[in-house]
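Fold and geometry: a report
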Amino acid sequence: MKLSVYNKIIDIMHEHNSRDCLPLIVREFPEFSISTIGSIYAQDYQKKMKKTHYFHYNSSKQEQYYEEYLRGVQNKERHILLRIANEVDFSPALLARMILERYLSATKYGGDNAPRSYVTKLMKDNTLITDPILSSEIHECLVSDDHYGPHVDNIKQSIGHEYECKLNRILDSLKFAYIGEDQMRTRGFDKTPDVKLEVPFSVDGHVINWIESKASFGDETSHRGYLKDQFWSYWNRFGPGMVIYWFGFIEELDTDREKGIILSDKFPKNIVRMNPVMK
């Protein structure tokens, strides 16, 4: 995807400020799948939450949201947290966690912060929350949030695993010898790509020693982070390799081919196998 097209898609998303615009974008840009457009939307939404994080998480705002929640409970309202999240344009799951932290601080920890691990445990299993109204409100936020929360994390993990399996099936069908992350970790590697080829192949004259599978769209922010935290580490340990962004990527980001990292949106067909040396 060209950067200019990506920017047009982002503009439409900002204009509508809702997932309801996704079918409209797919109709306008039929060359891209709903998975690609949905991934772009999710990334942009998460960027917005990071930018506004400081606004929602200051102590006065947290207290304001918590008091509004308590008033709603007193007035026997329903969907209180979802209403607040929509009114302030904030992630329902993030708001639910904030309210849970404030509730635990007030009712169980004497004004101190609850341990993060305990809050996470309750978010993953809201039946453990003793207050039935809060438990129900938090559950509603979690199932309504497409971008944050333990349910979304599980879905992302499942999709990521699905595409790793797809990559493995392709390599198996082509009879490539390779090892996966678990095997590499048993050999003492701390940072590992999804696949390390036992015998490299080449694509457009570029040698491929490893392949990383990303079940997402490659935008500038995510790709820059992956380069820093993952890809260059793989390059240091295993040499040149390839990243597959299964939901597409901004073409202008594919600038490191000569340095040893190429980008693709599928497993390439124009591969050249290395012939074994006969003795």
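All values derive from a computational prediction rather than experimental measurement.

In this fold, Arg83 is placed in helix α5 (residues 80-88). Linking Arg83 and Tyr69, residues 14 residues apart in sequence, is a C-alpha distance of 9.8 Å. Setting aside chain neighbours within four positions, we find Arg83 in contact with Glu68 and Glu77.

We now examine the pairing of strand β4 (residues 241-245). Taken across its five residues, β4 has five buried, putting it largely inside the fold. Neither face of β4 is open: one carries Gly241, Val243 and Tyr245, the other Met242 and Ile244, and all of them are buried. Here strand β3 (residues 206-214) runs beside β4; their pairing, made up of four bridges, is parallel. Of the residues in β4, the one forming a bridge with Ser213 is Ile244. Here β4 runs beside strand β5 (residues 261-264); their pairing, made up of four bridges, is parallel.

Residue placement: Glu162 occurs in helix α9 (residues 150-173). In this structure Glu162 comes out as partly exposed when scored by relative accessible area, which is 47%. Between the alpha carbons of Glu162 and Thr255 there is a distance of 28 Å; along the sequence they are 93 residues apart.

Here is what the cut-offs are and how they apply
Residues numbered from 1 in each chain as written. Predicted model: local features only at pLDDT ≥ 70, side-chain atom pairs only at ≥ 80, totals over all residues. Heavy atoms only, no water. Helix = DSSP H or I, 4+ residues; strand = E, 2+ residues; numbered from the N terminus. Contact = heavy atoms within 4.5 Å. Buried < 20%, exposed > 50% of the residue type's maximum accessible area, 1.4 Å probe, protein only. Pairing = 2+ DSSP bridges.

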